[in-house]
Amino acid sequence: MSVTGSTATSPRATTRSYEWPSGSGLQASNLSQQVAGRTLLADISLTFPRGELVAIIGGSGAGKTTLLESLAGVRQPHSGSVTLDGVDVTAAAARQRIGCVPQDDIIHLDLPLRRTVAYAARLRLPGAATRTDIETAVDRVLDELDLADRADVPVRELSGGQRKRASIAVELLTRPQVLLLDEPTSGLDPATAAEVMGVLRTVASHGTTVVVTTHAPADVRACDRVVLLARGGRMAFDGSPPDALRWFGVDHLDALHTAVAEHDPQEVADRFAAIERSHAVPPTDLGPTDGPSDPAGMAGAGRQLLTLIRRSAELMLRTRLTSVILIGSPTLVIAMMTTLFRPDTFIGDGDAIGAIQLVYWIAFAGFFFGLTYGLLQIVTEAPVVRRERFWGLSMTAYVTSKILVLLPLLLAVDVALFTVLHATDRLPSADARTWLAVGVVFLLDAAAGLALGLLASALVTTAAQATLALPMLCFPQVLFAGAMVPVGVMTAGGRAISDVMSNRWAFEAIGRILDLGDRVPAEQLGAWEPAFRGDATAQVAALIAMVSICLVVCVLVLSRRLTPR
């Protein structure tokens, strides 16, 4: 096998025989990408006219996904540019005309297909779109992709090919000019992979530019054109699949990678660049674009918030693991508390330790419920949210929707806990106003745990990491809340850590509201006495501050992690 170019047809000869549509299409000009001094793409120039089906291939680490992300506007170029009809792809006017399907599913697996596509439509279609417009768009894409008969089936129960088509359906809702897919046939059997490529061929035949990264020779054969990247992100070839075989002197597409690997990447790139220069065509005026220069964009923040609330609530109802956590966690904790503490803990026997511990575990229960409710909320749907953020999803609306859905559930847990403890005589006598104040503190502590859980969920990358974070976040709340060791006898470092533990402030606030300092003799309270003297204003303010800080940081983290860079 050799890279000669002497007997091969010019790579451009057969790939430029089409008639250019109006507008310049998707163009990369002298595109380079570097990370930490390492070159990922080296001076790539490509044009993708409308209606083409293009494969990007290359060995592992050759820069295929990096090139795709650059074309999508997800990744800012180190140098050079990527434009769609002359508009930079990182601008909203161009980005909203580009569909991008990553390897991860960008649809919720636990919802019926029609429901998950409908939620995507409510978020992506302009605010002026009516309910009829949304239903029409959903029916259209399901019909075009031959999924109408599977509309009511949960996405999780679809076959691999159907699930991939479902992800494509979400991207076709807005009729994009360009559709980019990262290894769309990865993990599929040959028949299903051929089915997916057939769908993409149909999409391209309707005038959409379709670009895929792939390792499969069968995928390449189905394409009009193949772009081959050598190691270091260097352009090794751009032309039709038959020309690629002639250019490298091989008989099969699966031999292309070996042919490139046998030569120095720079030499391969230089040979191709030389033939490219000899066939260069002067730029011409390609005429005006035929699409809007400033698309209407996705729905406004108000409709986003309402849609996200409905979607989050439905997901919780349909996801078995979430239902188990929402119901099982408080049920188990309430049962343990009634088993652990005697009915007369607060009554007449001066049991200071028992009273302190009961107050503490009430406070910790609120934090624990909120934390467990929040930990899996974001990480489990990060690929979906990342793609929606690309379209302009408000991270403030997204995080707010989680709070508005989960806080009522935590309020219900609040009521259930105190109802059971009161009915079983685990609580002291007090008037309704006192118990309302205790309930508010409990809910604030739960909100602090929820906000911390959402922040942790935004920081981790897998559900397994979120699960591991649970004991790591709970353990400091146990040690430094001031119940195991009073704050006054902690070291300076311990007191500093205690100051940022929401459970410490909830513990002190509930103890003060219940007048624990008066119910238990001072000599029995000992070093705990200062924690329960005075009103709870400062403690409540600390809880509100912690909720606010965690939520603001969560929004900032999500905006930074999920915004195209």
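Scroll up a little and you will see the structure.
Thresholds applied
Residues numbered from 1 in each chain as written. Predicted model: local features only at pLDDT ≥ 70, side-chain atom pairs only at ≥ 80, totals over all residues. Heavy atoms only, no water. Helix = DSSP H or I, 4+ residues; strand = E, 2+ residues; numbered from the N terminus. Contact = heavy atoms within 4.5 Å. Areas by Shrake-Rupley, 256 points an atom, 1.4 Å probe, with all protein chains shown as cover. Axes fitted to C-alpha atoms, helices over the stretch in contact; angles between N-to-C directions. Parallel < 35°, antiparallel > 145°, perpendicular 65-115°, else oblique. Left-handed = near helix turned anticlockwise from the far one by under 90°. 1 Å grid on protein atoms, 1.4 Å probe; cavity = no way out; pocket = protein on both sides within 12 Å on 5 of 7 lines; lining within 4 Å. Points joined across faces, edges and corners; volume = space filled by probe spheres on them. Nonpolar A, V, L, I, M, F, W, Y, C, P; charged D, E, K, R; others polar. Salt bridge = Lys/Arg side-chain N within 4 Å of Asp/Glu carboxyl O. Buried < 20%, exposed > 50% of the residue type's maximum accessible area, 1.4 Å probe, protein only. Patch = residues over 30% accessible without salt bridge, like charges linked within 9 Å, V, L, I, M, F, W, Y side chains within 5 Å. Expected span 1.5 Å × (residues − 1). Core = buried A, V, L, I, M, F, W, Y, C linked by side-chain atoms within 4.5 Å.

**Q** Just checking my understanding: could you explain the overall build of the protein chain for this structure?
**A** In terms of regular secondary structure, the protein chain is built from 22 helices and 10 strands. Taking the intrachain contacts of the protein chain between residues at least 6 apart in sequence as the baseline, contacts between residues at least 24 apart amount to 76%. Accessible area of the protein chain: about 23700 Å², with a carbon and sulfur share of 59%.

**Q** Quick question: what am I supposed to make of the packing of helix H3 (residues 113-124) against helix H5 (residues 160-172) here?
**A** Axis angle and axis distance: for two packed helices, these are the angle between their axes and the distance between the axes, and together they describe the pair. The geometry of H3 relative to H5 is characterised by a closest axis approach of 9 Å and an angle of 25 degrees between their N-to-C directions. Considering their axes alone, H3 and H5 lie roughly parallel with respect to each other. Here the hand of the crossing between H3 and H5 comes out right-handed. For the pair formed by H3 and H5, the contact residues are Leu113, Val117, Ala120 and Arg124 on the first element and Ala166, Val170 and Glu171 on the second.

**Q** Teacher, can you tell me more about empty space enclosed by the protein here?
**A** The probe, sized like a water molecule, is rolled over the atoms to show the empty space still left. For the structure shown, the criterion picks out one cavity of 30 Å³ or more. Computed from the structure, the largest cavity encloses a volume of approximately 60 Å³. Surrounding the largest cavity, Ile106, Ile107, His108, Thr116, Tyr119, Ala120, Arg124, Val170, Arg311, Val384 and Glu388 form its lining. Those elements that provide at least two residues to the lining of the largest cavity are H3 and helix H14 (382-391). Ranked by the residues each element gives to the lining of the largest cavity, the list is headed by H3, at four residues. Along the lines of polarity and charge, the residues of the lining of the largest cavity split into six nonpolar, two polar and three charged.

**Q** Explanation requested: the pattern of salt bridges in the structure shown.
**A** Between side chains of opposite charge, a pair can form when the charged atoms approach closely. Scanning all chains against the criterion turns up 22 salt bridges. The partner of Arg97 in a salt bridge is Asp85, and the shortest N-O contact between them spans 3.2 Å. With Arg97 in the loop between helix H2 (92-95) and strand E6 (98-101) and Asp85 in the loop between strand E4 (79-84) and strand E5 (87-88), the pair connects residues that are 12 residues apart, well separated along the chain. Accessibility classification places Arg97 together with Asp85 in one group, the buried group. We note a salt bridge from Arg504 to Glu508, for which the minimum N-O separation is 2.9 Å. With a gap of four residues between them, Arg504 and Glu508 both fall in helix H19 (residues 502-513), about one helical turn apart. Of the residues examined, Arg504 reaches a relative accessible area of 9% and is grouped as buried. For Glu508, a relative accessible area of 6% gives the class buried. Because the salt bridges share partners, they merge into one network encompassing Arg50, Asp85 and Arg97.

**Q** How do you make sense of a nonpolar patch on the surface when you look at a structure like this?
**A** The grouping of Met484, Val485 and Val489 at the surface amounts to a nonpolar patch, some 230 Å² of accessible area in total. By secondary structure assignment, the location of Val489 is in the loop between helix H17 (463-479) and helix H18 (492-498). Residue class for Val489 comes out exposed when judged on its relative accessible area of 53%.

**Q** In this structure, what is going on with the environment of Asp518? I would like to understand it.
**A** When you line up the elements, Asp518 lands in helix H20 (residues 516-519). Residue class for Asp518 comes out exposed when judged on its relative accessible area of 58%. Between the C-alpha atoms of Asp518 and Glu529, which are 11 residues apart in sequence, the distance is 9.5 Å.

**Q** Help me understand the layout of surface pockets, please; the structure alone is not making it clear to me.
**A** Considering only enclosed or pocket space, the second largest pocket measures out at about 720 Å³ in volume. In terms of lining, the second largest pocket is formed by 29 residues, of which the most central are Thr319, Leu321, Thr322, Leu376 and Thr380. When contributions to the lining of the second largest pocket are tallied by element, the ones reaching two or more residues are helix H11 (301-318), helix H12 (320-340), helix H13 (352-375), H14 and H17. Tallied by class, the residues present in the lining of the second largest pocket amount to 15 nonpolar, eight polar and six charged.

**Q** Explain the packing of helix H15 (residues 395-423) against helix H16 (residues 432-459) here, please?
**A** Running from N to C, H15 and H16 cross one another at 140 degrees; their axes reach a closest spacing of 9 Å. In terms of axis orientation, H15 runs oblique to H16. Crossing of H15 against H16: the hand is right-handed. Each of Val399, Lys402, Ile403, Leu406, Leu407, Leu410, Leu411, Asp414, Leu417 and Phe418 in H15 lies in contact with H16, whose residues at this interface are Trp435, Val438, Gly439, Phe442, Leu443, Ala446, Ala447, Leu450 and Leu454.

**Q** Sorry if this is basic, but what is going on with H16 here?
**A** Owing to its 3.6 residues per turn, the α-helix brings residues three or four apart onto one side. Over its 28 residues, H16 runs 40 Å from end to end, which matches the ideal 40 Å to within 8%, given 1.5 Å per residue. The element H16 is largely enclosed, with a buried count of 21 among its 28 residues.

**Q** Is there a simple way to explain unusual backbone geometry in this structure?
**A** Where the residue is not glycine, phi is negative for most of them; where a peptide bond is considered, it is trans in most cases. Its identity is not glycine, yet Asp43 carries a phi of approximately 55 degrees, on the positive side. Mapping Asp43 onto the fold places it in strand E2 (residues 38-48). Notably, Asp146 is not glycine yet its phi reads approximately 55 degrees, a positive angle. Mapped onto the fold, Asp146 is located in the loop between helix H4 (131-144) and H5.

**Q** It is not clear to me how the nonpolar core should be interpreted in this structure. Could you clarify?
**A** Nonpolar side chains tend to gather and get buried jointly when the protein is soluble and globular. By size, the foremost hydrophobic cluster in this structure holds 87 residues, and its most contacted members are Leu180, Leu200 and Phe248. Element by element, the count of residues in this core is highest for helix H6 (residues 190-205), at six residues. If sequence neighbours within four positions are ignored, Leu200 has contacts with Leu53, Ile168, Leu179, Leu181, Pro184, Val210 and Val212. The next biggest cluster of nonpolar side chains, apart from the first, holds 85 residues, and it includes Ala352, Val359, Ala451 and Ile513.

Geometric values such as these leave the question of function open.
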